[in-house]
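In case you want the letters, here they are:
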Amino acid sequence: MNKRLATGIAVVAAFALALTGCARADDAPTGTGGTGTEGGGAVEHHDASANMINAVGYDELGDGGTLRLYNNAFPANFNTAHSDGNEVNTVEIMNAVYPSLYTYTADGQVIPNDLYTERLDKVSDEPLAFEIELVEGLEWSDGTPIDFQSIKNNFDAMVNEEFQVASREGYDKVASVEQGDNAHTAVVTFQEGQIYADWIGLAGVMPDALVESADAFNSGWVDGPTVTAGPYKIGTIDSANKVVTLVPDENFKGERTAKLDQISFQTIEDPSAAATAFNDGQLDVVDASNQAIYSVVLDKIGEGTDFELRTAAGPNWTHFTLNGAEGNILEDQNLRQAFMLGVDRKSIFQALNGTMPYPDGMADDLLGNHMLVQNQAGYVDNAGDYGTADVEAAKALIEESGWTLNGEYYEKDGQQLEIRYVYNAGSQVNGTVAPIITENMKAIGIKVNVEQVPPTDLFSQYVIPGDYDMTLFGWAGNPFVTSAVSIWRDGGEQNFSGVGSPELDALLDELQAETDADAQTELLNQIDELVWEVAGNMPLYQSYDFIVAHNDLANYGAFGFQAVDWSMVGYVKDSPKLG
């Protein structure tokens, strides 16, 4: 799955990323999960294509009102194509002010975003080629046109070695980007013999100012975007108080313009503080996917109140990532596998979600796949022995690597076996998990040293540079089957664990070139088996969306597989929130 759109999730777990690769939701059977066999299982998961956003038509929305939201980490870089900016909190803000050429429907279809795109059509199989036709007449906020050059800028930037991009997957297979029949059309042609199944996901635009130099791309938007093009624009960025405010862009020439007068994103790192802010009337929406919030706001929901709980089960999941890169203590695969065998996933799930309205039985049937979530067709639980804690098996692996138990912990060459658990300060998810995993690891002879760091720094200063041994965050998915490739490929831009194998890379290459849905599913499960074996990442559970929103708020909430369309977000006509 893809990078941080998850989550920095303020949703679900502690932090999350934005790119994730999962199969389309419309292939999933209604109301079924998986417990080791395709499409079957004891847990009745939500239908993958169902969500709750209070969907209404554009003409049913009133004009005006303020939408007060929050996130759990202030953006480290507002360029979402940069490795530091491809994170859920940042992406949600930028989606309202920056073009996305495609969007996702509730059933997992990838379609052109009609605000910006007329067509995204494959025009040739050999060589693979597709056309991007933009809506004519759109402009960036600096007055330059959004046209062929904007498309070419995107493709050039994503293969520029000086640009610190989130992922180059797919872009490195493109041979040429040429102007089509008019100034707002591009023809993208792949190298001879190259096939990229999710070619539509490469379509994008960038303004000239963002790509004029490596400095402009890498650090020019650290303090805020200098060029935008959306129904909203940046009103203010208050970095001291960590608040971003959006207002309608009166110069936006898209088919639909902004309905709300203002959207504010306030950074609240402590879930308890978010719950208090909501209860005090300072927020219009609260992500109650965290038990610490859900338990506090529960009385605000339901009949006779102004708020309702909106739920969905999309491709988002919480996990441990282990740093197995060269020179780190967990470079030893035996130690990584021992860690996974030592984790009591059920205790973690119950501690985090014991009072949450997850499906019955989920604590005994946790996510066993890195590529597919439990309510998707083709899901198989591939966890095997890693799905259940086995202290003796874990110790055997540690001893196989030459460690000797000395008191409570293992030692070798005078060194105690210790790992650093680095996470974002204020995260109650990590705060809850830390003592559990500390005891889990103590039981197998590994000492855990907990280190809390500023939320904005977690990825940019620790995870991406590899200054950690283990961490916990969430991945937020999308309908592209290949979007996770850079997470699992050896040397991939999003492979924060630093581990992989030639066999795994070969299967990832096959996946990128495979267009048959059944064959894709088979490959996803073969890949997952190898991902479990290299042991750089341990899934904990599929993270549901539990969003508390004002009853009158439309086209926003628990999206599941669907993408937000900010031009459609607002309050229904005659709502008191319009005043």
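(A) Structural view of the nonpolar core. Formed by 73 residues in total, the largest nonpolar core has its most connected members in Leu-67, Ile-132, Phe-155 and Trp-566. Element by element, the count of residues in this core is highest for helix α2 (residues 148-158), at five residues. The residues touching Ile-132, leaving out its near neighbours within four places in the chain, are Leu-101, Arg-119, Leu-120, Ile-151, Phe-155, His-184, Thr-185, Ala-186, Val-188 and Ala-203. In terms of nonpolar packing, the next biggest core, distinct from the first, is built from 64 residues, Tyr-70, Ile-348, Phe-349 and Met-362 among them.

(B) Here's a closer look at the sheet that holds strand β23 (residues 545-550). With antiparallel pairing, three strands are arranged side by side in an open sheet as β13-β23-β14. At either margin of the open sheet sits one strand with a lone partner, and together these are β13 (285-287) and β14 (307-312). Across this sheet, the average inter-strand angle for adjacent strands is 20°, counted without regard to direction. As judged from the six bridges shared by β14 and β23, these two strands associate in the antiparallel manner. Within β23, the residue paired with Phe-307 across the bridge is His-550.

(C) Structural view of the side chain of Thr-185. You can see Thr-185 is positioned in strand β9 (residues 185-190). Classification of Thr-185 by relative accessible area gives buried; the value is 3%. Within the structure, Thr-185 has its side chain in polar contact with the side chain of Asn-182 (distance 2.7 Å). Discounting residues that sit within four places of it in the chain, Thr-185 has contacts with Arg-119, Glu-131, Ile-132, Glu-133, Phe-148, Glu-178, Gln-179 and Gly-180.

(D) Region of the structure containing the sheet that holds strand β17 (residues 409-412). Strand order in the open sheet formed by three strands is β16-β17-β18, with antiparallel pairing between adjacent strands. Both edges of this open sheet fall to β16 (404-406) and β18 (415-416), since each of them pairs with a single strand only. Bridge count between β16 and β17: three bridges; the pairing is antiparallel. Each bridged residue has a counterpart across the sheet, and for Thr-404 the counterpart in β17 is Glu-411.

(E) Local environment of the side chain of Glu-131. Turning to its location among the elements, Glu-131 is positioned in strand β7 (residues 128-134). Note on Glu-131: relative accessible area 18%, which makes it buried. Engagement of the side chain of Glu-131 in a polar contact is seen with the side chain of Arg-119, the distance being 2.7 Å. Non-local contacts of Glu-131, meaning those with residues more than four positions away in its chain, are made with Arg-119, Leu-120, Asp-121, Val-123, Thr-185, Ala-186 and Val-187.

(F) Highlighting the environment of Ile-547. Inspection of the secondary structure puts Ile-547 in strand β23. By relative accessible area, which is 6% here, Ile-547 ends up buried. Through-space distance from the C-alpha of Ile-547 to that of Arg-310 is 5.0 Å; in sequence the pair is 237 residues apart.

(G) The packing of helix α13 (residues 502-513) against helix α14 (residues 517-534), seen in detail. Between α13 and α14, the least distance of the axes is 10 Å, while the angle of their chain directions is 160°. In terms of axis orientation, α13 runs roughly antiparallel to α14. Considering only the axes of α13 and α14, their crossing is left-handed. Here α13 contributes Glu-503, Leu-504, Leu-507, Leu-508, Glu-510 and Leu-511 to the contact with α14, which in turn contributes Gln-520, Leu-523, Leu-524, Gln-526, Ile-527, Leu-530 and Val-531. For the contact of α13 with α14, a count of residues per class yields nine nonpolar, two polar and two charged.

(H) Up close: a negative patch on the surface. The grouping of Asp-385, Asp-390, Glu-392 and Glu-399 at the surface amounts to a negative patch. With respect to the helices and strands, the residue Glu-392 is situated in helix α9 (residues 391-400).

(I) Representation of the pattern of salt bridges. Going through the model one piece at a time under the given rule, you end up with 21 salt bridges. Across the pair Glu-493 and Arg-168 runs a salt bridge, and its minimum N-O distance is 3.5 Å. Note that Glu-493 is positioned in the loop between α12 (485-488) and α13 and Arg-168 in the loop between α2 and β8 (174-179), a separation of 325 residues in sequence. With a relative accessible area of 15%, Arg-168 lands in the buried category. As a salt-bridge pair, Lys-346 and Asp-364 come within 2.7 Å of each other at their nearest N and O atoms. Taken together, the positions of Lys-346 in helix α8 (residues 345-353) and Asp-364 in the loop between α8 and α9 put the pair 18 residues apart, joining distant regions of the chain. Its relative accessible area of 59% is what places Asp-364 among the exposed residues.

(J) Helix α10 (residues 428-443), seen in detail. The end-to-end C-alpha separation of α10 is 23 Å, in line with the 22 Å expected for 16 residues at 1.5 Å each. At Ala-434, α10 shows its maximal bend, which comes to roughly 30°, and the proline Pro-435 appears one to four places after that position. Burial in α10 covers these residues: Val-429, Asn-430, Val-433, Ala-434, Ile-436, Ile-437, Asn-440 and Met-441. Taken together, the buried residues of α10 touch β15 (316-322), α7 (333-342), α8, β19 (418-424), β20 (447-453) and β21 (470-476). Within two residues after α10, Gly-445 carries a phi angle of roughly 90°, on the positive side.

(K) Highlighting the packing of aromatic side chains. A full pass over the atoms with the stated rule returns 29 aromatic pairs. When the ring of Tyr-104 is compared with that of Phe-480, the centres are 5.9 Å apart and the planes differ by 80°; the resulting orientation is edge-to-face. Pair noted here: Tyr-104 is in strand β4 (residues 102-104) and Phe-480 is in the loop between β21 and α12, with a separation of 376 residues, a long-range link. Comparing Tyr-104 with Phe-480 shows no difference in burial state: the two are buried. Centre to centre, the rings of Phe-155 and Tyr-171 are 5.6 Å apart; their planes meet at 65°, and the pair counts as edge-to-face. One end of the pair, Phe-155, is in helix α2; the other, Tyr-171, is in the loop between α2 and β8, and 16 residues separate them in sequence. This pair shows no difference in class: Phe-155 is buried, exactly as Tyr-171 is. The positively charged end of Lys-259 is found above the aromatic ring belonging to Tyr-58, 4.5 Å away from the centroid.

Cut-offs applied
- Residues numbered from 1 in each chain as written.
- Predicted model: local features only at pLDDT ≥ 70, side-chain atom pairs only at ≥ 80, totals over all residues.
- Heavy atoms only, no water.
- Core = buried A, V, L, I, M, F, W, Y, C linked by side-chain atoms within 4.5 Å.
- Buried < 20%, exposed > 50% of the residue type's maximum accessible area, 1.4 Å probe, protein only.
- Helix = DSSP H or I, 4+ residues; strand = E, 2+ residues; numbered from the N terminus.
- Contact = heavy atoms within 4.5 Å.
- Pairing = 2+ DSSP bridges.
- Axes fitted to C-alpha atoms, helices over the stretch in contact; angles between N-to-C directions.
- Polar contact = N/O pair within 3.5 Å; in protein donor to acceptor, adjacent residues only side chain to side chain.
- Parallel < 35°, antiparallel > 145°, perpendicular 65-115°, else oblique.
- Left-handed = near helix turned anticlockwise from the far one by under 90°.
- Nonpolar A, V, L, I, M, F, W, Y, C, P; charged D, E, K, R; others polar.
- Patch = residues over 30% accessible without salt bridge, like charges linked within 9 Å, V, L, I, M, F, W, Y side chains within 5 Å.
- Areas by Shrake-Rupley, 256 points an atom, 1.4 Å probe, with all protein chains shown as cover.
- Salt bridge = Lys/Arg side-chain N within 4 Å of Asp/Glu carboxyl O.
- Lys, Arg positive; Asp, Glu negative; His and termini not counted.
- Charge placed at Lys NZ, Arg CZ, Asp CG, Glu CD.
- Expected span 1.5 Å × (residues − 1).
- Bend = angle between axes of the 7 residues up to and from the residue.
- Phe/Tyr/Trp six-rings, centres within 6.5 Å; stacked < 30°, edge-to-face > 60°.
- Lys NZ or Arg CZ within 6 Å of the ring centre and 35° of its normal.

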